[in-house]
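Chain by chain, the residues:
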Amino acid sequence: QALLRGETVLLRNRAEGDAMGIRTTPGTDASLCAVFVPIFVGERLAASIAIESFEREDAFSTGDVELLRTVGASLGVALHSARLFDETRRRAREQAALADVGRDLSSSLELDAVMDRIARHAKDLLGGSQSAIFVADESGQTFRAIVALGDTAAQLKATVVEAGRGIIGSLLESGKPELVNDTATDPRGIRVPGTTPREGERLMVVPIVHGDDVCGALAVWRNGGAPFGDADLEFLVGLSLQASVALNNAELYAGTRAALERQTATAEILQAISNSVADTAPVFEKILDACQRFFATE
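Rules behind the numbers
- Residues numbered from 1 in each chain as written.
- Predicted model: local features only at pLDDT ≥ 70, side-chain atom pairs only at ≥ 80, totals over all residues.
- Heavy atoms only, no water.
- Helix = DSSP H or I, 4+ residues; strand = E, 2+ residues; numbered from the N terminus.
- Buried < 20%, exposed > 50% of the residue type's maximum accessible area, 1.4 Å probe, protein only.
- Contact = heavy atoms within 4.5 Å.
- Areas by Shrake-Rupley, 256 points an atom, 1.4 Å probe, with all protein chains shown as cover.
- Salt bridge = Lys/Arg side-chain N within 4 Å of Asp/Glu carboxyl O.
- Pairing = 2+ DSSP bridges.
- Axes fitted to C-alpha atoms, helices over the stretch in contact; angles between N-to-C directions.
- Core = buried A, V, L, I, M, F, W, Y, C linked by side-chain atoms within 4.5 Å.
- Patch = residues over 30% accessible without salt bridge, like charges linked within 9 Å, V, L, I, M, F, W, Y side chains within 5 Å.

Participant: Could you give an account of the overall build of the protein, with specific residues and numbers?
Facilitator: Counting its regular elements, the protein contains eight helices and nine strands. Considering the protein as a whole, with its 298 residues, one finds that 35% of them fall into the buried category. Residue pairs at least 24 apart in sequence account for 53% of intrachain contacts in the protein once pairs closer than 6 positions are excluded. Summing over all exposed atoms, the protein offers an accessible surface of approximately 17,500 Å²; the carbon and sulfur share of this is 54%.

Participant: Residues and numbers for the environment of Phe228, please.
Facilitator: The topology assignment puts Phe228 in the loop between β9 (213–223) and α7 (230–275). Sequence spacing of Phe228 and Gly128 is 100 residues, and the spatial spacing of their C-alpha atoms is 9.8 Å. Apart from the residues lying within four places of it in its own chain, the contact partners of Phe228 are Leu126, Leu179, Asn181, Arg202, Leu203, Met204, Val220, Trp221 and Arg222.

Participant: I'd like a rundown of the pattern of salt bridges, residues and numbers included.
Facilitator: One pass over the full model with this rule turns up nine salt bridges. The partner of Arg69 in a salt bridge is Glu66, with the nearest N and O atoms 2.5 Å apart. Of this pair, Arg69 and Glu66 both sit in helix α3 (residues 62–107), three residues apart, which is roughly one turn of that helix. What makes Arg69 partly exposed here is its relative accessible area of 37%. Salt-bridge contacts for Asp186 lead to Arg188; the nearest nitrogen and oxygen are separated by 2.8 Å. Arg188 gets classed as partly exposed once you look at its relative accessible area, which sits at 26%. Ionic contacts of the salt-bridge type, sharing partners, join the residues Glu178, Asp186 and Arg188 into one network.

Participant: An account of the sheet that holds strand β6 (residues 160–162) is requested, with residue identities and associated values reported.
Facilitator: The sheet built from six strands is open, its strands ordered β6-β5-β4-β9-β8-β7 with antiparallel pairing. Either end of the sheet is taken by a strand with one partner, and the two such strands are β6 and β7 (178–180). For this sheet, the mean inter-axis angle between neighbouring strands, taken without regard to orientation, is 25°. Where strand β4 (residues 130–136) lies against strand β5 (residues 142–150), seven bridges are found, and the strand directions are antiparallel. Across the sheet, residue Gln130 finds its bridge partner in β5, namely Gly150. Relative to β5, helix α4 (residues 111–125) is tilted by about 60°, and along the sheet it contacts β4, β5 and β9.

Participant: Now, about the nonpolar core: what can you tell me, with residues and values included?
Facilitator: Counting 23 residues, the largest nonpolar core has Met115, Ile118, Ile133, Leu218, Leu236 and Leu239 as the members making the most contacts within it. Taken together, the elements giving at least two residues each to this core come down to α4, β4, β5, β8 (201–210), β9 and α7. The biggest single contributor to this core is α7, with seven residues. Look past the residues within four positions of Leu236 in its chain and what remains in contact with it is Ala122, Leu126, Met204, Val206, Leu218 and Val220. Core analysis: the next-biggest nonpolar cluster, separate from the first, contains 19 residues, Leu156, Ile167, Leu171 and Ala217 among them.

Participant: Account for a nonpolar patch on the surface, naming residues and giving values.
Facilitator: Nonpolar side chains collect at one region of the surface, where Leu3, Phe40 and Leu45 lie side by side and expose about 250 Å² of accessible area between them. On the secondary structure map, Leu45 appears in strand β3 (residues 44–53).

Participant: How would you summarise the pairing of β3 if you had to cite specific residues and measurements?
Facilitator: As paired elements, strand β2 (residues 33–41) and β3 share nine bridges and run antiparallel to each other. When the sheet's bridge partners are listed, Pro38 is paired in β3 with Ser48. The hairpin turn running from β2 into β3, its antiparallel successor, is two residues long, and Gly42 in that turn takes a positive phi close to 70°.

Participant: An account of the sheet that holds strand β1 (residues 9–11) is requested, with residue identities and associated values reported.
Facilitator: Here three strands make up an open sheet; going across it, the order is β1-β2-β3 and the pairing antiparallel. Of all strands in the sheet, those with a lone pairing partner are β1 and β3, marking the two edges. On average, adjacent strands in this sheet sit at an angle of 10° to one another, irrespective of strand direction. For β1 and β2, the ladder comprises three bridges, and the chain directions are antiparallel. Bridging from a neighbouring strand, Leu10 pairs with Val35 of β2.

Rendered as structure tokens:
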């Protein structure tokens with residue numbers, strides 16, 4: 001009733017408690033007088049205070065009730081301030097993590113190292129039990145985890161995610177980020193082979209987008225605990241943008257390196273031609289060597 005009304009409820013005697021339908025917990029005594037004060041932070045319930053007397057009725061005066069209301073209001077302000085502080089501190093940690101990954105992007109072309117750092121930040125700062133980054137194969141229809149952390153890392157790396165199938169596959173197909181705070185009740189859910197169902201399993205997935213194409217996904221799981229919120233999803237979206245840059249950098253680097261290797265091979269063949277006017281064997285050997293390097297022949 002205190003929560004429903006959003007105000008203090010005073011039960012002066014047992015009769016008022018009975019009239020309100022208050023029931024005594026089995027194995028405990030019935031109180032003779034009670035005060036219930038809900039504590040709100042804004043419009044959201046944050047806590048409550050209950051004081052009961054088992055000795056006499058009319059145990060609390062109007063002054064007592066007003067004092068309790070004042071204590072409740074002060075506690076509401078304190079809780080609000082504490083949560084603002086926690087949120088500010090959390091934001092600072094998240095910004096530091098994004099900056100950390102940004103430094104990795106500017107100083108390293110090692111895709112695995114950068115992706116591992118992104119997955120680790122996602123897992124640790126979001127209180128996750130597992131995290132993984134999936135990237136597309138050449139067809140763009142199936143995805144594999146290039147990095148996975150947590151107690152099911154091996155199972156996640158062995159899983160092939162198909163676009164449009166399962167929660168992750170559905171979000172890869174739609175290209176939209178989403179949080180699911182109970183995977184067991186989501187009709188899209190598919191159990192990862194080799195894992196067991198966990199009560200209250202939570203999942204956030206953010207597709208990794210480059211241009212108009214979905215090239216992968218960043219996923220974080222949480223086993224029970226507090227549900228994921230919009231702020232969590234916002235942070236994961238920020239990390240997914242970093243992952244997109246890392247994939248693009250790796251692709252550009254691989255393309256540049258391949259072009260350089262082709263130019264080098266061509267130069268070597270031309271050099272062999274100029275040095276072996278009368279003997280074609282060195283030229284053919286250079287050509288065969290280039291074929292073996294570029295086409296993985298034996």
